[in-house]
Amino acid sequence: MYRLYLRNTASLSLASVSIYKSRNRTKADLHVPYLIVGSGTSGYYAMRTIRYLKPDSRVLLITDDEHPPYKKEIFTKEAWFSLDFSKNLTYRSLSGNMLPALFQPREFYKSAHDLESSGAMGDQAVMLQSRVKHIHPKDNIVVLESGEVISYNKCCLSVGQVPNVPKVLLNADIANKIHTLRTIGDFQRFQEAALSSRSVAIVGANPSSYELAVTLKTLFSESEGIDVHLITESERLFEFLPHSVESWLVKKIDALFSRHFTLSELRSATDSADFVTLEFSNESINVDDIVLTVNEPATKFLNDCIEIDSSKRIIANSELQVCSDLYSCGSSTSFYQADFGRRCLDYPNNSKLSGICAGINMIGESAAYSDQPYFSIDFGDVFLDSLGLTSEQLKHDIYYIYPESEDKPQISNPDDAIKCVVAYFSDEGVLVGVTMVNFPFRLHAIRRMISEKFNSDQFFEYLPLLLGKIDKKLIQPEENDPSNSMGLSMT
């Protein structure tokens, strides 16, 4: 065991090795049946699932955050419209109800060292502001930065992601102008800065980027003149969409961003008194603040004791198992699905569903993670929902929906369409994913179509029912479309 540990941690300092040796010869400072590393959405749902299915269980959650688990997805929308958020950590939901940002109040959790005395009914505990330094899966042990050693029966890694700062922005002079949205404290600092900002650059192309842009545009009216610039790694904003649909959608949301640049164009970022000057290939712009929505998996501490893929994600099997007694869930996990291959998803819905699946398997079940997570983007007047496997590289059918017309529809220009559906198919012609723009998303119906392996004809047959009141007589092929997409007209 001792030699194995040294082989797996050759890069560790001698001090950390000696700490582990001395503690391993006695016993761990604390033993817990179920340990969860990380306090994101996936870790919370893993914990709740274990407690629900096994009421006598004892679960410890370790996090470097100062707060117990909370809803991070509200930082791009709901939390901005709640005047008392910073005071009492509550926000107004889209339905108008006031809700807590924390999944559960602090009183819900015991302290870590009181967990062993929780009795027959079990309990849950949280260790705040504690960071795991090393994990030793073959010995079922984690070592904290404080030197404390915790042993476990089953462990789940819900480590999430950390901001990925582009090299061109690694400038100490502008560090106070760069913001992230990883924690409550991060959000509060950016919210305070944004109140006096007239120009913001958002780095990243993902649902968080777009919803934050909508929020800033909504909060600060045109008369106040806030400019929102988008800086992305690629020239494309929606790489999962076919080019024609992406062009159609970009025209619909064009007013969101003052300018769009790519990171490859960014030459420098310098402090200029009250603002930051961003120098691009052909021009420069001044911004008050920069917010990063681009992240990378927080897996650096795992060293070489766990298999990590090229994108720094933890490799797990179809049951989210990494190795014996160790599981992983959430956005830092690369998991396998029989019908779709290996996948990694940075969606809030994936965090919830994968956390539930990991919790189920940690208590002894063997449930494959077969759920199809979805993501949504609210652009204000336009909204997009997507479920399943979506990629421009897949075979796909495109359906545009046009406004009602008294005349027989003459479908020639997709720019006139008000809604759109893209269905994605495998090489065998089996439905694997659906993206819908400006339609109420019927999750259960689409999931059933995917599970029943609909082909293109079957999907087209059921499409009018899926979309609502569509007269099938008005469905006709769209002209001059090389992808053989179809056009629909609403009645």
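Quick note: structure is the one above.
Bear in mind that the values here come from a model prediction, so they are computed numbers and not experimental data.

Caption draft 1: Representation of the overall build of the protein in the model. A tally of helices and strands in the protein yields ten helices and 30 strands. Counting across all 491 residues of the protein, residues that qualify as buried make up 54%. Approximately 22900 Å² of the protein is accessible, and the part contributed by carbon and sulfur atoms is 48%.

Caption draft 2: Representation of the nonpolar core within the structure. Counting residues in each nonpolar core, the largest one holds 96 residues, and the members touching the most others are Phe-85, Phe-238, Val-421 and Phe-459. Among the elements that line this core, the one with the most residues is strand E27 (residues 419-425), at six residues. When near neighbours in sequence (up to four residues on either side) are disregarded, Phe-85 contacts Ile-74, Phe-75, Ala-79, Thr-90, Tyr-91, Ala-101, Ile-184 and Phe-187. Counting residues in each nonpolar core, the second largest holds 27 residues, with Met-127, Leu-144, Cys-155 and Leu-326 among its members.

Caption draft 3: Focus on helix H6 (residues 207-219). Across its 13 residues, H6 extends 18 Å between first and last C-alpha, which sits within 8% of the 18 Å expected from 1.5 Å per residue. All of the buried residues along H6 are Ser-209, Tyr-210, Glu-211, Leu-212, Ala-213, Val-214, Thr-215, Leu-216 and Lys-217. The backbone nitrogen of Ser-208 lies 3.1 Å from a side-chain oxygen of the residue at the head of H6, namely Asn-206.

Caption draft 4: Local environment of the pairing of strand E14 (residues 266-272). Sheet analysis places E14 next to strand E15 (residues 275-280), joined by six bridges and oriented antiparallel. By the bridge assignment, Leu-266 is partnered in E15 with Phe-280. Joining the antiparallel neighbours E14 and E15 is a turn of two residues, in which Ala-273 adopts a positive phi near 60°.

Caption draft 5: Local environment of the environment of Asn-349. Residue placement: Asn-349 occurs in helix H8 (residues 348-362). Of the residues examined, Asn-349 reaches a relative accessible area of 14% and is grouped as buried. Separated by 27 residues in sequence, Asn-349 and Ser-376 have C-alpha atoms that sit 9.5 Å apart. Discounting residues that sit within four places of it in the chain, Asn-349 has contacts with Gln-372, Pro-373, Tyr-374 and Arg-447. Reaching out from Asn-349, the side chain makes a polar contact with the backbone nitrogen of Tyr-374 at a distance of 3.1 Å.

Caption draft 6: Here's a closer look at the sheet that holds E14. Spatial strand order, E14-E15-E16: three strands in an open sheet with antiparallel pairing. A single partner strand is all that each edge strand has here, and the edge strands are E14 and strand E16 (284-287). Sheet twist, expressed as the average angle between the axes of neighbouring strands with direction ignored, equals 20°.

About the thresholds
Residues numbered from 1 in each chain as written. Predicted model: local features only at pLDDT ≥ 70, side-chain atom pairs only at ≥ 80, totals over all residues. Heavy atoms only, no water. Helix = DSSP H or I, 4+ residues; strand = E, 2+ residues; numbered from the N terminus. Buried < 20%, exposed > 50% of the residue type's maximum accessible area, 1.4 Å probe, protein only. Areas by Shrake-Rupley, 256 points an atom, 1.4 Å probe, with all protein chains shown as cover. Core = buried A, V, L, I, M, F, W, Y, C linked by side-chain atoms within 4.5 Å. Contact = heavy atoms within 4.5 Å. Expected span 1.5 Å × (residues − 1). Polar contact = N/O pair within 3.5 Å; in protein donor to acceptor, adjacent residues only side chain to side chain. Pairing = 2+ DSSP bridges. Axes fitted to C-alpha atoms, helices over the stretch in contact; angles between N-to-C directions.

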